[in-house]
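Single-letter residue listing:
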Amino acid sequence: MNTSLAYQDPVWEELIDGKIVAMSPRPKVHHNRVAENIDFIFRTYLKGKQCIPLGDGYDVHLTPKDCFIPDFMIVCDRSKIKADGVRGAPDLVVEVLSPSTAKNDRGYKKDIYAECGVKEYWIVNPIDKSIEQYFLQDGDFILQEVYTYYSDEIINLMKPEERAAVIKTFQCSLYDDLLIPLEDIFANMLT
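Residues numbered from 1 in each chain as written. Predicted model: local features only at pLDDT ≥ 70, side-chain atom pairs only at ≥ 80, totals over all residues. Heavy atoms only, no water.

*Asks:* Looking at this structure, I do not really get helix α4 (residues 108–116). What am I missing?
*Replies:* Residues that lie three or four places apart on an α-helix share one face, since the helix turns once every 3.6 residues. For α4, the set of buried residues is Lys109, Lys110, Ile112, Tyr113 and Ala114. Where α4 terminates, the next one or two residues include Gly117, which has phi positive at roughly 100 degrees. (Buried < 20%, exposed > 50% of the residue type's maximum accessible area, 1.4 Å probe, protein only. Helix = DSSP H or I, 4+ residues; strand = E, 2+ residues; numbered from the N terminus.)

*Asks:* Looking at this structure, I do not really get the pairing of strand β11 (residues 130–137). What am I missing?
*Replies:* Remember that side chains alternate between the two faces of the sheet whenever the strand is regular. In terms of burial, β11 is a largely internal element, six of the eight residues being buried. Bridge analysis of β11 against strand β12 (residues 140–148) gives eight bridges, and the strand direction is antiparallel. The partner of Ile131 across the bridge, within β12, is Tyr147. (Pairing = 2+ DSSP bridges.)

*Asks:* Is there a simple way to explain the confidence of the model for the protein in this structure?
*Replies:* Interpretation of the predicted coordinates at a detailed level should be avoided for regions scoring low in pLDDT. Predicted confidence across the protein gives a mean pLDDT of 89, with 88% of residues reaching 70 or more. Note on residues 1–8: pLDDT under 50 across the span, and two contacts to partners over four residues away in sequence or across chains. (pLDDT = per-residue confidence, 0-100. Contact = heavy atoms within 4.5 Å.)

*Asks:* Just checking my understanding: could you explain the pattern of salt bridges for this structure?
*Replies:* For side chains bearing opposite charge, pairing can occur when the charged atoms are close. Under the counting rule described, the total for this entry stands at seven salt bridges. A salt bridge links Glu36 to Arg33; the shortest N-O distance between them is 3.1 Å. Here Arg33 and Glu36 lie together in helix α2 (residues 29–46), a separation of three residues that amounts to about one turn. By relative accessible area, which is 22% here, Arg33 ends up partly exposed. For Asp39, the salt bridge identified is with Arg43, shortest N-O distance 2.9 Å. Separated by four residues within a single helix, Asp39 and Arg43 lie in helix α2, roughly one turn from each other. Here Asp39 falls in the buried class, since its relative accessible area comes to 16%. Residue class for Arg43 comes out partly exposed when judged on its relative accessible area of 40%. Put simply, Glu95, Asp105 and Lys109 are held in one network by salt bridges that share partners. (Salt bridge = Lys/Arg side-chain N within 4 Å of Asp/Glu carboxyl O.)

Below, the structure written as structure tokens:
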């Protein structure tokens with residue numbers, strides 16, 4: 001029996017600038033681990049609070065020509081959450097890069113998220129273990145910082161001045177009491 005035919009993955013599609021774009025191939029392990037780690041961090045922090053963390057699989061309807069499926073988002077205005085997904089801009093959107101989606105995540109989708117009023121946008125690269133953090137200012141995303149996770153093994157090889165410059169934690173602009181360790185985002189990355 002050919003088990004690859006026994007289970008067919010659903011094909012997820014996004015509407016990007018009026019064109020239906022299939023989200024394939026399926027994300028790899030590193031992609032999923034990072035998205036799950038981000039979801040866990042915020043799901044734990046937001047328990048019992050107003051804002052709702054939503055992991056992968058939720059549609060976000062932004063314009064008549066644009067319906068995306070981000071890897072993670074936070075929605076603080078609960079009235080935007082409908083049976084068919086989120087209607088309107090989430091407060092935070094996270095896209096975890098895949099080779100097939102990187103161009104749209106860094107380009108068109110980033111522009112639409114900004115135009116629609118997403119307050120903060122992260123582009124997470126699981127391969128180089130980095131996070132680009134953008135804040136919305138005057139209708140455009142401004143790069144706040146690029147954070148890169150370095151293992152202790154790599155840090156120990158650095159010169160003292162390089163070691164001193166390594167950022168190990170950062171904050172989401174939505175929450176001034178949540179310090180996010182980069183190590184937690186890139187934890188359990190199976191090789």
